[in-house]
Amino acid sequence: MTLAIIGAALAALGAIAVGVGIFPPAELVTVAERVWPVLVFVVSVTVVSELAARAGLFDLLAGRLARLARGRTAVLWILIVALAVTATAFLSLDTTAVLLTPVVVAVAVSRRLDPLPFAFVTVVLANTASLVLPVSNLTNLLSLDRLGTGNDPAAFLRLLGPSALLAIVVSVGVLSVVFLPRLARTHPIASEPVTADRPLLIAAGVVTGALLPLLVSGLEPWIPATAAALVLAAVFAWRAPKALSVRLVPWSLVIFVLGLFTAVAALESLGSGRVLGVIAGSGEDLFSLWQLAGASALLANGINNLPAYLALEAVADSPARLAALLVGVNAGPLVTPWASLATLLWADRLRSAGVPVRWRTFVILGLVIAPLTLFLAVVPLALGAPR
(Lines give C-alpha, C1' and ligand atoms only; values in the text may rest on other atoms or scores of the structure.)
Protein backbone atom coordinates (compact mmCIF):
# COMPACT_ATOMS: atom_id res chain seq x y z
CA MET A 1 0.00 0.00 0.00
CA THR A 2 2.86 2.38 0.82
CA LEU A 3 4.39 1.79 -2.60
CA ALA A 4 1.06 2.48 -4.29
CA ILE A 5 0.65 5.75 -2.38
CA ILE A 6 4.16 6.87 -3.30
CA GLY A 7 3.58 5.88 -6.93
CA ALA A 8 0.30 7.77 -7.08
CA ALA A 9 1.96 10.86 -5.59
CA LEU A 10 4.76 10.66 -8.14
CA ALA A 11 2.25 10.26 -10.96
CA ALA A 12 0.40 13.32 -9.68
CA LEU A 13 3.63 15.33 -9.75
CA GLY A 14 4.20 14.17 -13.32
CA ALA A 15 0.66 15.20 -14.26
CA ILE A 16 1.26 18.64 -12.76
CA ALA A 17 4.46 18.93 -14.80
CA VAL A 18 2.49 18.14 -17.94
CA GLY A 19 -0.25 20.59 -16.98
CA VAL A 20 2.11 23.52 -16.47
CA GLY A 21 4.02 22.77 -19.67
CA ILE A 22 7.26 21.52 -18.11
CA PHE A 23 6.87 17.99 -19.48
CA PRO A 24 5.57 17.58 -23.06
CA PRO A 25 2.55 15.24 -23.28
CA ALA A 26 4.17 13.44 -26.21
CA GLU A 27 6.89 12.27 -23.84
CA LEU A 28 4.28 10.31 -21.88
CA VAL A 29 3.74 8.14 -24.96
CA THR A 30 7.47 7.48 -25.13
CA VAL A 31 7.51 6.53 -21.45
CA ALA A 32 4.51 4.21 -21.90
CA GLU A 33 6.10 2.48 -24.90
CA ARG A 34 9.18 1.76 -22.86
CA VAL A 35 7.47 0.68 -19.68
CA TRP A 36 4.64 -1.62 -20.75
CA PRO A 37 6.71 -4.68 -21.84
CA VAL A 38 8.69 -4.50 -18.59
CA LEU A 39 5.59 -4.26 -16.43
CA VAL A 40 3.83 -7.08 -18.30
CA PHE A 41 6.86 -9.28 -17.65
CA VAL A 42 7.02 -8.34 -13.96
CA VAL A 43 3.31 -9.06 -13.48
CA SER A 44 3.44 -12.34 -15.41
CA VAL A 45 6.54 -13.76 -13.73
CA THR A 46 5.11 -12.77 -10.34
CA VAL A 47 1.91 -14.70 -11.09
CA VAL A 48 3.91 -17.74 -12.23
CA SER A 49 6.13 -17.65 -9.14
CA GLU A 50 3.22 -17.18 -6.73
CA LEU A 51 1.20 -20.01 -8.24
CA ALA A 52 4.24 -22.29 -8.37
CA ALA A 53 4.87 -21.57 -4.70
CA ARG A 54 1.23 -22.33 -3.82
CA ALA A 55 1.53 -25.63 -5.69
CA GLY A 56 4.50 -26.50 -3.46
CA LEU A 57 7.22 -26.36 -6.12
CA PHE A 58 9.74 -24.35 -4.08
CA ASP A 59 9.08 -26.47 -0.99
CA LEU A 60 9.73 -29.61 -3.01
CA LEU A 61 12.94 -28.27 -4.55
CA ALA A 62 14.30 -27.14 -1.19
CA GLY A 63 13.33 -30.45 0.38
CA ARG A 64 15.10 -32.41 -2.35
CA LEU A 65 18.23 -30.31 -1.97
CA ALA A 66 18.16 -30.84 1.78
CA ARG A 67 17.91 -34.58 1.23
CA LEU A 68 20.92 -34.42 -1.10
CA ALA A 69 22.89 -32.80 1.71
CA ARG A 70 22.45 -35.96 3.84
CA GLY A 71 22.77 -34.08 7.11
CA ARG A 72 25.92 -32.16 6.12
CA THR A 73 25.36 -28.46 6.81
CA ALA A 74 28.10 -27.20 4.50
CA VAL A 75 26.58 -29.11 1.59
CA LEU A 76 23.11 -27.80 2.44
CA TRP A 77 24.58 -24.28 2.50
CA ILE A 78 26.07 -24.69 -0.97
CA LEU A 79 22.84 -26.12 -2.38
CA ILE A 80 20.74 -23.28 -0.91
CA VAL A 81 23.19 -20.81 -2.45
CA ALA A 82 22.77 -22.50 -5.84
CA LEU A 83 18.99 -22.41 -5.52
CA ALA A 84 19.02 -18.71 -4.58
CA VAL A 85 21.27 -17.82 -7.52
CA THR A 86 19.12 -19.80 -9.96
CA ALA A 87 15.85 -18.34 -8.68
CA THR A 88 17.24 -14.81 -8.85
CA ALA A 89 18.77 -15.23 -12.29
CA PHE A 90 15.66 -16.64 -13.98
CA LEU A 91 12.70 -15.51 -11.88
CA SER A 92 14.02 -12.14 -10.59
CA LEU A 93 15.27 -10.95 -7.23
CA ASP A 94 11.77 -10.36 -5.84
CA THR A 95 10.91 -14.04 -6.29
CA THR A 96 13.95 -15.02 -4.24
CA ALA A 97 13.15 -12.48 -1.52
CA VAL A 98 9.43 -13.17 -1.31
CA LEU A 99 8.98 -16.85 -2.12
CA LEU A 100 12.29 -18.53 -1.45
CA THR A 101 12.95 -16.89 1.93
CA PRO A 102 10.10 -18.62 3.85
CA VAL A 103 10.96 -21.93 2.21
CA VAL A 104 14.62 -21.69 3.20
CA VAL A 105 13.67 -20.65 6.73
CA ALA A 106 11.35 -23.66 7.02
CA VAL A 107 14.10 -26.01 5.79
CA ALA A 108 16.55 -24.68 8.37
CA VAL A 109 14.06 -24.82 11.25
CA SER A 110 13.00 -28.37 10.40
CA ARG A 111 16.66 -29.39 10.62
CA ARG A 112 17.25 -27.53 13.92
CA LEU A 113 19.55 -24.97 12.33
CA ASP A 114 19.54 -21.22 12.91
CA PRO A 115 17.41 -19.92 10.01
CA LEU A 116 18.88 -16.41 9.95
CA PRO A 117 22.15 -17.27 8.12
CA PHE A 118 20.13 -18.95 5.37
CA ALA A 119 17.77 -15.98 5.26
CA PHE A 120 20.74 -13.67 4.73
CA VAL A 121 21.79 -15.86 1.80
CA THR A 122 18.48 -15.16 0.08
CA VAL A 123 18.47 -11.39 0.59
CA VAL A 124 22.11 -10.82 -0.34
CA LEU A 125 22.03 -13.04 -3.40
CA ALA A 126 18.67 -11.61 -4.44
CA ASN A 127 20.59 -8.38 -4.99
CA THR A 128 24.07 -9.40 -6.09
CA ALA A 129 22.98 -12.31 -8.31
CA SER A 130 20.54 -10.03 -10.13
CA LEU A 131 23.36 -9.08 -12.52
CA VAL A 132 23.27 -12.47 -14.24
CA LEU A 133 20.50 -12.17 -16.86
CA PRO A 134 18.25 -9.43 -18.30
CA VAL A 135 15.23 -10.90 -16.48
CA SER A 136 17.00 -10.99 -13.10
CA ASN A 137 16.21 -7.37 -12.27
CA LEU A 138 13.85 -4.67 -13.50
CA THR A 139 16.84 -2.37 -13.98
CA ASN A 140 18.42 -4.88 -16.37
CA LEU A 141 15.30 -4.98 -18.52
CA LEU A 142 15.20 -1.19 -18.64
CA SER A 143 18.81 -1.03 -19.79
CA LEU A 144 18.67 -3.42 -22.75
CA ASP A 145 18.18 -0.88 -25.53
CA ARG A 146 20.94 1.38 -24.25
CA LEU A 147 23.29 -1.55 -23.62
CA GLY A 148 22.93 -2.60 -27.24
CA THR A 149 22.37 -6.24 -26.26
CA GLY A 150 18.67 -6.28 -27.18
CA ASN A 151 16.94 -9.44 -25.98
CA ASP A 152 20.08 -11.53 -26.40
CA PRO A 153 20.98 -13.01 -22.99
CA ALA A 154 24.33 -14.23 -24.38
CA ALA A 155 25.34 -10.68 -25.27
CA PHE A 156 24.23 -9.50 -21.82
CA LEU A 157 26.30 -12.26 -20.21
CA ARG A 158 29.36 -11.37 -22.27
CA LEU A 159 29.16 -7.84 -20.92
CA LEU A 160 28.11 -8.43 -17.32
CA GLY A 161 28.85 -12.13 -16.75
CA PRO A 162 32.32 -11.65 -15.19
CA SER A 163 30.98 -8.87 -12.96
CA ALA A 164 28.01 -11.03 -11.92
CA LEU A 165 30.33 -13.94 -11.11
CA LEU A 166 32.55 -11.75 -8.95
CA ALA A 167 29.52 -10.28 -7.17
CA ILE A 168 28.24 -13.77 -6.35
CA VAL A 169 31.65 -15.07 -5.26
CA VAL A 170 32.23 -12.08 -2.97
CA SER A 171 28.75 -12.40 -1.45
CA VAL A 172 28.99 -16.13 -0.85
CA GLY A 173 32.53 -15.83 0.44
CA VAL A 174 31.69 -13.19 3.05
CA LEU A 175 28.47 -14.93 4.12
CA SER A 176 30.29 -18.26 4.44
CA VAL A 177 33.09 -16.80 6.55
CA VAL A 178 30.61 -15.03 8.84
CA PHE A 179 27.91 -17.65 9.23
CA LEU A 180 29.15 -21.18 8.44
CA PRO A 181 31.39 -21.50 11.52
CA ARG A 182 28.35 -20.66 13.69
CA LEU A 183 26.29 -23.53 12.32
CA ALA A 184 26.50 -27.13 13.46
CA ARG A 185 28.52 -29.27 11.04
CA THR A 186 25.71 -31.84 10.83
CA HIS A 187 21.97 -31.66 11.27
CA PRO A 188 19.04 -34.08 11.60
CA ILE A 189 17.51 -35.36 8.38
CA ALA A 190 13.85 -34.36 8.09
CA SER A 191 11.14 -35.80 5.89
CA GLU A 192 10.14 -34.00 2.68
CA PRO A 193 6.90 -31.99 2.67
CA VAL A 194 3.78 -33.81 1.56
CA THR A 195 2.23 -32.43 -1.62
CA ALA A 196 -1.47 -31.70 -1.27
CA ASP A 197 -2.31 -31.67 -4.99
CA ARG A 198 0.09 -33.64 -7.17
CA PRO A 199 -1.40 -32.57 -10.55
CA LEU A 200 -0.95 -28.92 -9.55
CA LEU A 201 2.64 -29.58 -8.52
CA ILE A 202 3.40 -31.39 -11.79
CA ALA A 203 1.83 -28.59 -13.83
CA ALA A 204 3.78 -25.94 -11.92
CA GLY A 205 7.01 -27.87 -12.44
CA VAL A 206 6.42 -28.35 -16.16
CA VAL A 207 5.39 -24.74 -16.78
CA THR A 208 8.25 -23.29 -14.75
CA GLY A 209 10.74 -25.71 -16.28
CA ALA A 210 9.60 -24.74 -19.78
CA LEU A 211 9.69 -21.04 -18.93
CA LEU A 212 13.31 -20.89 -17.79
CA PRO A 213 14.95 -21.70 -21.16
CA LEU A 214 12.42 -19.53 -23.00
CA LEU A 215 13.48 -16.55 -20.89
CA VAL A 216 16.98 -16.87 -22.36
CA SER A 217 15.88 -17.79 -25.88
CA GLY A 218 16.03 -14.27 -27.30
CA LEU A 219 12.27 -13.73 -27.22
CA GLU A 220 11.05 -10.60 -25.50
CA PRO A 221 10.71 -11.84 -21.90
CA TRP A 222 7.10 -10.74 -21.50
CA ILE A 223 5.94 -13.16 -24.22
CA PRO A 224 6.91 -16.52 -22.62
CA ALA A 225 6.20 -15.15 -19.12
CA THR A 226 2.67 -14.16 -20.10
CA ALA A 227 2.05 -17.50 -21.79
CA ALA A 228 3.30 -19.36 -18.70
CA ALA A 229 1.09 -17.27 -16.41
CA LEU A 230 -1.99 -17.95 -18.54
CA VAL A 231 -1.34 -21.71 -18.70
CA LEU A 232 -0.72 -22.01 -14.97
CA ALA A 233 -3.75 -19.86 -14.19
CA ALA A 234 -5.88 -22.16 -16.35
CA VAL A 235 -4.62 -25.21 -14.44
CA PHE A 236 -5.41 -23.52 -11.14
CA ALA A 237 -8.87 -22.55 -12.43
CA TRP A 238 -9.44 -26.27 -12.92
CA ARG A 239 -7.82 -27.63 -9.73
CA ALA A 240 -7.86 -24.78 -7.19
CA PRO A 241 -9.91 -21.81 -8.39
CA LYS A 242 -9.94 -20.18 -4.95
CA ALA A 243 -6.19 -19.58 -5.29
CA LEU A 244 -6.80 -17.23 -8.21
CA SER A 245 -7.20 -13.65 -7.05
CA VAL A 246 -6.39 -10.12 -8.21
CA ARG A 247 -3.95 -10.08 -5.30
CA LEU A 248 -1.62 -12.23 -7.40
CA VAL A 249 -0.87 -9.10 -9.41
CA PRO A 250 1.67 -6.78 -7.70
CA TRP A 251 -0.52 -3.70 -8.08
CA SER A 252 1.52 -1.57 -5.70
CA LEU A 253 4.69 -2.18 -7.70
CA VAL A 254 2.92 -1.41 -10.99
CA ILE A 255 1.57 1.91 -9.69
CA PHE A 256 4.94 2.76 -8.15
CA VAL A 257 6.87 2.09 -11.37
CA LEU A 258 4.42 4.07 -13.52
CA GLY A 259 4.54 7.04 -11.18
CA LEU A 260 8.29 6.84 -10.84
CA PHE A 261 8.90 6.81 -14.57
CA THR A 262 6.65 9.82 -15.07
CA ALA A 263 8.25 11.82 -12.26
CA VAL A 264 11.84 11.03 -13.28
CA ALA A 265 11.12 11.89 -16.92
CA ALA A 266 9.69 15.23 -15.77
CA LEU A 267 12.78 15.92 -13.66
CA GLU A 268 15.03 15.13 -16.60
CA SER A 269 13.19 17.73 -18.65
CA LEU A 270 14.16 20.24 -15.94
CA GLY A 271 17.84 19.38 -16.32
CA SER A 272 18.44 17.01 -13.42
CA GLY A 273 20.82 15.01 -15.60
CA ARG A 274 23.34 17.88 -15.66
CA VAL A 275 23.58 17.94 -11.87
CA LEU A 276 23.87 14.17 -11.55
CA GLY A 277 26.42 14.13 -14.37
CA VAL A 278 28.81 16.09 -12.18
CA ILE A 279 28.42 13.55 -9.36
CA ALA A 280 28.69 10.48 -11.61
CA GLY A 281 31.56 11.83 -13.71
CA SER A 282 32.41 10.75 -17.22
CA GLY A 283 34.83 8.46 -19.01
CA GLU A 284 35.34 4.71 -19.22
CA ASP A 285 38.63 4.19 -17.43
CA LEU A 286 38.61 2.14 -14.24
CA PHE A 287 38.47 5.10 -11.85
CA SER A 288 35.62 6.73 -13.80
CA LEU A 289 33.63 3.50 -13.73
CA TRP A 290 34.30 3.14 -10.00
CA GLN A 291 33.01 6.69 -9.56
CA LEU A 292 29.78 5.93 -11.41
CA ALA A 293 29.21 2.61 -9.63
CA GLY A 294 29.92 4.19 -6.27
CA ALA A 295 27.66 7.18 -6.91
CA SER A 296 24.81 4.94 -8.04
CA ALA A 297 25.21 2.67 -4.99
CA LEU A 298 25.16 5.68 -2.66
CA LEU A 299 22.08 7.08 -4.38
CA ALA A 300 20.37 3.66 -4.27
CA ASN A 301 21.01 3.36 -0.54
CA GLY A 302 19.79 6.90 -0.06
CA ILE A 303 16.50 6.61 -1.92
CA ASN A 304 16.02 3.26 -3.73
CA ASN A 305 17.78 1.43 -6.53
CA LEU A 306 15.08 1.89 -9.18
CA PRO A 307 14.88 5.71 -9.01
CA ALA A 308 18.68 5.75 -8.71
CA TYR A 309 18.96 3.86 -11.98
CA LEU A 310 16.44 6.07 -13.77
CA ALA A 311 18.09 9.24 -12.49
CA LEU A 312 21.60 8.23 -13.61
CA GLU A 313 20.70 6.40 -16.82
CA ALA A 314 21.19 9.51 -18.97
CA VAL A 315 24.81 9.97 -17.83
CA ALA A 316 25.68 6.31 -18.43
CA ASP A 317 26.23 6.90 -22.13
CA SER A 318 28.12 3.76 -23.19
CA PRO A 319 27.83 0.00 -22.57
CA ALA A 320 30.71 0.09 -20.08
CA ARG A 321 29.25 2.98 -18.10
CA LEU A 322 25.73 1.55 -18.17
CA ALA A 323 27.07 -1.79 -16.95
CA ALA A 324 28.88 0.02 -14.10
CA LEU A 325 25.60 1.72 -13.23
CA LEU A 326 23.89 -1.69 -13.08
CA VAL A 327 26.62 -2.99 -10.79
CA GLY A 328 26.00 -0.04 -8.48
CA VAL A 329 22.19 -0.22 -8.35
CA ASN A 330 21.93 -4.03 -8.36
CA ALA A 331 24.76 -5.15 -6.09
CA GLY A 332 25.15 -1.94 -4.09
CA PRO A 333 21.76 -1.64 -2.28
CA LEU A 334 22.80 -3.72 0.73
CA VAL A 335 23.28 -1.10 3.43
CA THR A 336 19.89 0.51 4.05
CA PRO A 337 16.63 -1.48 4.29
CA TRP A 338 14.83 0.72 1.74
CA ALA A 339 17.58 0.59 -0.89
CA SER A 340 15.94 -2.37 -2.62
CA LEU A 341 12.29 -3.38 -2.70
CA ALA A 342 13.45 -6.99 -2.44
CA THR A 343 15.00 -6.26 0.96
CA LEU A 344 11.77 -4.80 2.32
CA LEU A 345 9.80 -7.78 1.01
CA TRP A 346 12.38 -10.13 2.55
CA ALA A 347 12.02 -8.48 5.96
CA ASP A 348 8.23 -8.74 5.75
CA ARG A 349 8.43 -12.47 4.99
CA LEU A 350 10.85 -13.03 7.89
CA ARG A 351 8.50 -11.28 10.30
CA SER A 352 5.61 -13.42 9.00
CA ALA A 353 7.71 -16.53 9.65
CA GLY A 354 8.44 -15.40 13.21
CA VAL A 355 12.15 -14.77 12.57
CA PRO A 356 13.52 -11.50 14.03
CA VAL A 357 15.05 -9.12 11.48
CA ARG A 358 18.50 -8.05 12.61
CA TRP A 359 19.06 -4.77 10.77
CA ARG A 360 22.36 -4.14 12.55
CA THR A 361 23.75 -7.38 11.11
CA PHE A 362 22.31 -6.49 7.72
CA VAL A 363 23.99 -3.07 7.70
CA ILE A 364 27.35 -4.40 8.86
CA LEU A 365 27.31 -7.16 6.24
CA GLY A 366 26.30 -4.63 3.58
CA LEU A 367 29.12 -2.28 4.52
CA VAL A 368 31.53 -5.14 3.82
CA ILE A 369 29.92 -6.84 0.83
CA ALA A 370 28.74 -3.82 -1.18
CA PRO A 371 32.06 -1.88 -1.41
CA LEU A 372 34.09 -5.04 -1.98
CA THR A 373 31.68 -6.18 -4.70
CA LEU A 374 31.69 -2.81 -6.45
CA PHE A 375 35.48 -2.58 -6.26
CA LEU A 376 36.00 -5.98 -7.91
CA ALA A 377 32.97 -6.25 -10.21
CA VAL A 378 33.77 -3.03 -12.06
CA VAL A 379 37.28 -4.16 -13.03
CA PRO A 380 36.18 -6.53 -15.88
CA LEU A 381 34.11 -3.67 -17.35
CA ALA A 382 37.15 -1.43 -17.57
CA LEU A 383 39.21 -4.21 -19.11
CA GLY A 384 36.84 -5.72 -21.62
CA ALA A 385 33.51 -3.94 -22.08
CA PRO A 386 32.77 -2.74 -25.62
CA ARG A 387 33.04 0.98 -26.23
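Higher on the page you've got the structure.
Analysis parameters
- Residues numbered from 1 in each chain as written.
- Predicted model: local features only at pLDDT ≥ 70, side-chain atom pairs only at ≥ 80, totals over all residues.
- Heavy atoms only, no water.
- 1 Å grid on protein atoms, 1.4 Å probe; cavity = no way out; pocket = protein on both sides within 12 Å on 5 of 7 lines; lining within 4 Å.
- Points joined across faces, edges and corners; volume = space filled by probe spheres on them.
- Nonpolar A, V, L, I, M, F, W, Y, C, P; charged D, E, K, R; others polar.
- Helix = DSSP H or I, 4+ residues; strand = E, 2+ residues; numbered from the N terminus.
- Core = buried A, V, L, I, M, F, W, Y, C linked by side-chain atoms within 4.5 Å.
- Buried < 20%, exposed > 50% of the residue type's maximum accessible area, 1.4 Å probe, protein only.
- Contact = heavy atoms within 4.5 Å.
- Salt bridge = Lys/Arg side-chain N within 4 Å of Asp/Glu carboxyl O.

Engineer: So what's going on with the layout of surface pockets? Residues and values would help.
Structural biologist: Any empty space left between the atoms is revealed when a probe the size of a water molecule rolls over them. Taken as a whole, the second largest pocket spans an internal volume of roughly 330 Å³. Around the second largest pocket, the lining is made up of 15 residues, and of these Arg34, Pro37, Val38, Leu141 and Asp145 lie nearest the centre.

Engineer: Any chance you could break down empty space enclosed by the protein for me, citing the residues and the numbers?
Structural biologist: On inspection of all chains with the given rule, the structure shows 2 cavities of 30 Å³ or more. As a volume, the largest cavity reaches approximately 50 Å³. Lining the largest cavity we find Pro134, Val135, Leu144, Asn151, Asp152, Pro153, Leu215, Leu219 and Pro221. Here the residues of the lining of the largest cavity sort into 7 nonpolar, 1 polar and 1 charged. The volume enclosed by the second largest cavity comes to roughly 30 Å³. Taken together, Val124, Leu334, Phe362, Leu365, Gly366 and Ile369 form the lining of the second largest cavity. It is helix 17 (residues 359-377) that contributes the most residues to the lining of the second largest cavity, 4 residues altogether. Partitioned by chemical class, the residues of the lining of the second largest cavity number 5 nonpolar, 1 polar and no charged.

Engineer: Outline the nonpolar core, listing residues and values.
Structural biologist: Core analysis: the largest hydrophobic core is formed by 135 residues, its most contacted members being Phe118, Phe120, Leu160, Leu175, Val257 and Trp346. Not counting the four nearest positions on each side in its chain, Trp346 is found in contact with Ala97, Thr101, Ala119, Phe120, Thr122, Val123, Val357, Trp359 and Phe362.

Engineer: So what's going on with the pattern of salt bridges? Residues and values would help.
Structural biologist: Under the counting rule described, the total for this entry stands at 3 salt bridges. Close ionic contact of Glu313 with Arg146 constitutes a salt bridge, the shortest N to O distance being 3.5 Å. Residue Glu313 is found in the loop between helix 14 (305-312) and helix 15 (319-331), and its partner Arg146 is found in helix 7 (residues 138-147); the two are separated by 167 residues along the sequence. Note on Glu313: relative accessible area 3%, which makes it buried. Using a relative accessible area of 44% as the deciding quantity, one classes Arg146 as partly exposed. The salt bridge involving Arg321 is made with Asp317; its shortest N-O contact spans 3.6 Å. A relative accessible area of 1% places Arg321 in the buried class. You can call Asp317 exposed: its relative accessible area is 63%.

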